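Observations on the three-dimensional arrangement
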Amino acid sequence: MEKICVAVRVRPPICHENSSSTLWRVDDNQISLHKLHGSPISGVSYAFDHVFDENCSNSDIYELLTKDIIHAAVDGFNGTAFAYGQTSSGKTFTMNGSSNDPGIIHRAVNDIFQKINIISDREFLIRVSYMEIYNEEINDLFAVENQKLQIHENLERGIFVAGLREEIVNNAEQVMKLLESGEVNRHFGETNMNARSSRSHTIFRVVIESKGKDTGSFGDYSSSDAIRVSVLNLVDLAGSERIAKTGTGGVRLKEGKYINKSLMVLGNVINKLSDSAKQRAHIPYRDSKLTRILQPALGGNAKTSIICTVAPEEIHIEETKGTLLFASRAKRVTNCAQVNEVLTDAALLKRQKLEIEELRRKLQGSHAEVLEQEILKLRNDMLKYELEREKLEMELEKERRSHKERDQYIRDQQMMIENLSSLVSDGDGSSSQGSMKESPIEECNNRGDDFKTPCFKAAPKAFVAKRSNYSQLPDFSPLPDSFSDVADEDTWFKINKGYIADLDSLQTKPARKFQSFPPEDVTPNYLNKKYKKELQNLKRRLEFVTEEKKELQRKLAEDLEVKDRLKGDISKLKQEALLAREMPQRLCDSVTSFKDTYEEVLSKMQRYTFDGKSSTAKLLRCISEIGSILFSTMETSISNTTHRHKLSSGNDSLIQEYNKMLSEKLKSTITSLILSETASSEDKQTNTPCSCNFEDIDFLNSFCYIYSLYFMGCVNSVVSKKGTPIIPSK
Ligand code: ADP
Ligand code: MG
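Residues numbered from 1 in each chain as written. Chains lettered and ligands numbered in written order. Predicted model: local features only at pLDDT ≥ 70, side-chain atom pairs only at ≥ 80, totals over all residues. Heavy atoms only, no water.

Our focus in this paragraph is the overall build of the protein chain. Secondary structure assignment for the protein chain yields 16 helices and 21 strands. Out of the 730 residues in the protein chain, the part that is buried amounts to 37%. Pairs at least 24 residues apart make up 71% of the contacts formed inside the protein chain by residues separated by at least 6 positions. With an accessible surface of roughly 44,800 Å², the protein chain has 53% of that area assigned to carbon and sulfur atoms. (Helix = DSSP H or I, 4+ residues; strand = E, 2+ residues; numbered from the N terminus. Buried < 20%, exposed > 50% of the residue type's maximum accessible area, 1.4 Å probe, protein only. Contact = heavy atoms within 4.5 Å. Areas by Shrake-Rupley, 256 points an atom, 1.4 Å probe, with all protein chains shown as cover.)

Lining the immediate surroundings of ligand 1 are 12 residues, of which Ser-88, Gly-90, Lys-91, Thr-92 and Phe-93 lie closest. Ser-89 places a main-chain nitrogen or oxygen 3.2 Å from an oxygen atom of ligand 1. Thr-92 is positioned such that a nitrogen or oxygen atom in its side chain is 2.7 Å from an oxygen atom of ligand 1. When grouped by side-chain class, the residues that make up the shell around ligand 1 number 2 nonpolar, 7 polar and 3 charged. (Near = heavy atom within 4 Å. Polar contact = N/O pair within 3.5 Å; in protein donor to acceptor, adjacent residues only side chain to side chain. Nonpolar A, V, L, I, M, F, W, Y, C, P; charged D, E, K, R; others polar.)

This part is about the pairing of strand β4 (residues 30-34). Successive side chains on a regular strand alternate, one facing one side of the sheet and the next facing the other. Judged by how many residues are buried, β4 sits mostly within the fold: 4 of 5 residues are covered. Summarising the sheet, strand β3 (residues 24-27) and β4 pair through 4 bridges and their orientation is antiparallel. Directly across from Trp-24, in β4, lies its bridge partner Leu-33. Between the end of β3 and the start of β4, which pair antiparallel, lie 2 residues, with Asp-28 showing a positive phi angle near 55°. In terms of strand pairing, β4 meets strand β5 (residues 40-47) through 4 bridges, oriented antiparallel. Opposite Gln-30, over in β5, you have Ala-47 as the bridge partner. Counting the residues in the hairpin turn of β4 and β5 gives 5 residues, including His-37, whose phi is positive at 50°. (Pairing = 2+ DSSP bridges.)

For the rest of this paragraph, the subject is the packing of aromatic side chains. In this description, an aromatic ring pair is defined by two values, namely the gap between the centres and the angle between the planes. One pass over the full model with this rule turns up 4 aromatic pairs. Each ring, one from Tyr-46 and one from Phe-48, has its centre 6.4 Å from the other, and the planes form 15°; the classification is stacked. For Tyr-46, a relative accessible area of 13% corresponds to the buried category. Residues Tyr-84 and Phe-326 carry aromatic rings whose centres are separated by 3.7 Å and whose planes lie at 10° to one another, so their mutual orientation is stacked. Residue Tyr-84 is located in strand β7 (residues 79-85), and its partner Phe-326 is located in helix α9 (residues 317-331); the two are separated by 242 residues in the primary sequence. For Phe-326, a relative accessible area of 5% puts it in the buried group. Each residue in the set Tyr-130, Phe-142 and Phe-204 is aromatic and connected to the rest through ring pairs, giving one cluster. (Phe/Tyr/Trp six-rings, centres within 6.5 Å; stacked < 30°, edge-to-face > 60°.)

As a further point, take a nonpolar patch on the surface. A surface patch of nonpolar side chains, about 250 Å² in accessible area, is lined by Leu-363, Leu-371 and Ile-375. With respect to the secondary-structure elements, Leu-363 resides in helix α10 (residues 345-427). (Patch = residues over 30% accessible without salt bridge, like charges linked within 9 Å, V, L, I, M, F, W, Y side chains within 5 Å. Salt bridge = Lys/Arg side-chain N within 4 Å of Asp/Glu carboxyl O.)

What follows deals with the nonpolar core. The nonpolar side chains of a soluble globular protein tend to be buried with one another. Core analysis: the biggest nonpolar cluster contains 48 residues, and Val-8, Ile-31, Phe-48, Leu-266 and Leu-298 have the highest contact counts within it. In terms of residues, this core owes the most to one element, helix α7 (residues 250-274), which gives 7 residues. Leave out the neighbours within four places in its chain, and Leu-266 touches Phe-82, Tyr-84, Leu-237, Leu-290, Thr-291, Leu-298 and Phe-326. (Core = buried A, V, L, I, M, F, W, Y, C linked by side-chain atoms within 4.5 Å.)

Another aspect to go through is the sheet that holds β5. Ordered by their spatial adjacency, 3 strands build an open sheet running β3-β4-β5, and the pairing between neighbours is antiparallel. Because the sheet does not close on itself, it has two edges, and the strands there are β3 and β5. Each neighbouring strand pair of the sheet contributes to a mean axis angle of 25°, computed without reference to strand direction. Packed onto the sheet, α9 meets β3, β4 and β5 and runs at close to 45° relative to β5. (Axes fitted to C-alpha atoms, helices over the stretch in contact; angles between N-to-C directions.)

Turning next to the confidence of the model for the protein chain. This prediction gives the protein chain a mean pLDDT of 74; 67% of its residues lie at or above 70. Mean pLDDT values over the elements of the protein chain span from 37, in strand β21 (residues 486-487), up to 96, in helix α3 (residues 104-118). In this model, residues 721-730 is a region of pLDDT below 50 whose contacts with residues beyond four sequence positions or in other chains number 14 contacts. (pLDDT = per-residue confidence, 0-100.)

For the rest of this paragraph, the subject is the pairing of strand β16 (residues 226-236). Relative to β16, β7 runs parallel, the two being bridged by 5 bridges. If you follow Gly-79 over to β16, its bridge partner there is Leu-232. Across 10 bridges, strand β15 (residues 201-212) lies against β16 in antiparallel orientation. Paired with Val-206 across the bridge in β16 is Leu-232.

Our next topic: the pattern of salt bridges. Scanning all chains against the criterion turns up 19 salt bridges. With its nearest N and O atoms 2.7 Å apart, the salt bridge here joins Glu-166 to Arg-127. Here Glu-166 is found in the loop between β11 (158-162) and β12 (167-169), whereas its partner Arg-127 is found in strand β8 (residues 122-134), with 39 residues between them in sequence. By relative accessible area, Arg-127 is classed as buried at 19%. For Glu-386, the salt bridge goes to Arg-389, with nearest N and O atoms at 3.6 Å.

Right, let's talk about the side chain of Arg-107 for a bit. Structurally, Arg-107 is set in helix α3. A polar atom in the side chain of Arg-107 sits 2.8 Å from the side chain of Asp-101. Aside from chain neighbours lying at most four places away, what touches Arg-107 is Asn-58, Ser-59, Tyr-62, Asp-101 and Pro-102.

Here helix α1 (residues 58-74) spans only 21 Å end to end across 17 residues, well under the 24 Å set by a 1.5 Å rise per residue. Of all bends in α1, the biggest is about 60°, found at Thr-66. What α1 keeps buried is the set Asn-58, Ile-61, Tyr-62, Leu-65, Thr-66, Ile-69, Ile-70, Ala-72, Ala-73 and Val-74. Positive phi shows up at Gly-76, right after α1, with a value of about 110°. (Expected span 1.5 Å × (residues − 1). Bend = angle between axes of the 7 residues up to and from the residue.)

Residue position: Arg-9 is located in strand β2 (residues 5-10). No salt bridge is formed by the buried Arg-9; the nearest opposite charge belongs to Asp-101, separated by 4.6 Å. Among the polar contacts listed, one links the side chain of Arg-9 to the side chain of Asn-58, at a separation of 2.6 Å. Here the side chain of Arg-9 touches Thr-94 through a polar contact of 3.0 Å, side chain to side chain. Residues contacting Arg-9, with those up to four places away along its chain left out, are Phe-52, Cys-56, Ser-57, Asn-58, Ile-61, Phe-93, Thr-94, Ile-307, Cys-308, Thr-309 and Val-310. (Lys, Arg positive; Asp, Glu negative; His and termini not counted.)

Here you go:
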């Protein structure tokens, strides 16, 4: 663990900034604030590793502050040197310098190449890159097209900027040229305080890889094959600034905000790191690109130096104090730098070879005898297994042969049965029906049953299971001839449900007349008798099946007949349903035509109505009254029908009542009219002419009758829903 090396550099006063009032005094490695031409102000005194006054040169700073870090970088340590301070305090001057007094970067580059030229036992590879962080975006200063680069981290490379151009360089001049070209791409801007103020943080990075030159000695992998990789960061920060002082606005203001923010994060990181290890909480490296890139340099694996530049003028006192406080905190930060050595593949291989050799040596020692015994034991075991395998193979072969023989026997038996059944079929015409081509025996044996149980049980100790329900099985299922070997119901159930039954628990009894399998005492005579018996059985079964088939055919014919009849009924019902569905529409049409007729009649009537007192006018009123009642009744009926309300018997009787009432009213009106007209015709012959004649009365009478018929027909057709109107008696 080592502390960060912190130094303060006081810039020479600038003439136009009221140079007379220099209040900061440098004394050895201390800097303190004094009253104007007077005593020091207590409490404002700081001590650092180095404090450089305005008379010091970049060379002094390099020699005292940075040189060690550069040399350590060549030896494999990560190193970082950065300049921190307010705008125009001399950061860029310190890092880049001038033609008369080159800055730290130039001196470092020269030094690196001088040093590696001196080291004769190592080979070096130097790569350089140059980037700036402008408005929190990383841009490549060697390749302007590489903008907004991202920071990544992996085990092999640690934290790195992806896509950043790295140039392999062989000498200092090459680096200087590259730096010049990169400097052109850097963001500068004019502020009140600095005509060429850096508006970005710049990081010049040198990656130094070195490998020991091969000495040719075998086994010493660590010196010749390990590669050292160190990263050196030389950082020129943008200056912290007070917006009011720098007098910036617009783009400069935006830049200033980003600069201040990232410097604030840097301050936070330094603050956290300067706390004692116990108090340290989360270090906010990721809060800014700057701190993330410089993470190893801040409290990590790196040797770090900070040069804090301050402006001596009175007007910058506050900023200078701020910088000195930052420097004080940074002084407390400790790093843990170590040489970064990476083993190459060749080195790993050599190391593994050595390990193998070591193991071999061990094996050749005390372990060898034990292993030999182990091997002998394993060999014996192997021989034993070989013998067992051969024995098993022989048994398997024997089993296969017996299986084949058994199959052959079954086939022979089947052929024999087929021959016999064809003989029987030839003798009996009824068995030649097309539907029964396959014999039940064949069917039984061809069902694809895994156990291939033949229909003829012949095993001497075969188990026969008793089943409670045979009805679901086909007729030709092998039924036990004898129940001498019967497993109980539970065992049967277990076997058929897939349980592995304990076969030893089944009680076996010797079969009485079963043949051995393959048969040992089979004589042709005996077989013939048995087959004949079987064939007779089969014939009987065939006859039974044929009968059954005939019966089924008859039933089918009957069913077909019933089906045809039902079809006819359904079509009739469908027609009626169609008619019923059309009924509301028909009724609507009827009402419309009725209305037309009604209006026509009324208009005709009006021709005879000269005043409201005549008999015709009375009749007209009566008809109009009837008409309105009829219309409302019709409308109700239609609405009921249309809305599919079931017409109840109550509705039915209501309509009948209406019908009756209207008929009577019509009849009485007509009768009174005839009577009054008769009287008026008698008057007519003697006195005044009448406004109505008997032709009109007849017309009205018949109209009323037709009208009532028509209405009743319509209503009835709806009520009965069968389209056959009920004509009322006159
Ligand atoms: P910063 O980078 O901190 O903003 P600069 O390095 O650009 O400031 O310095 C601002 C001005 O002061 C420049 O013109 C620079 O030449 C001058 N300057 C800074 N430090 C010194 C110094 N030690 N000796 C001479 N001139 C200096
Ligand atoms: Mg600068």
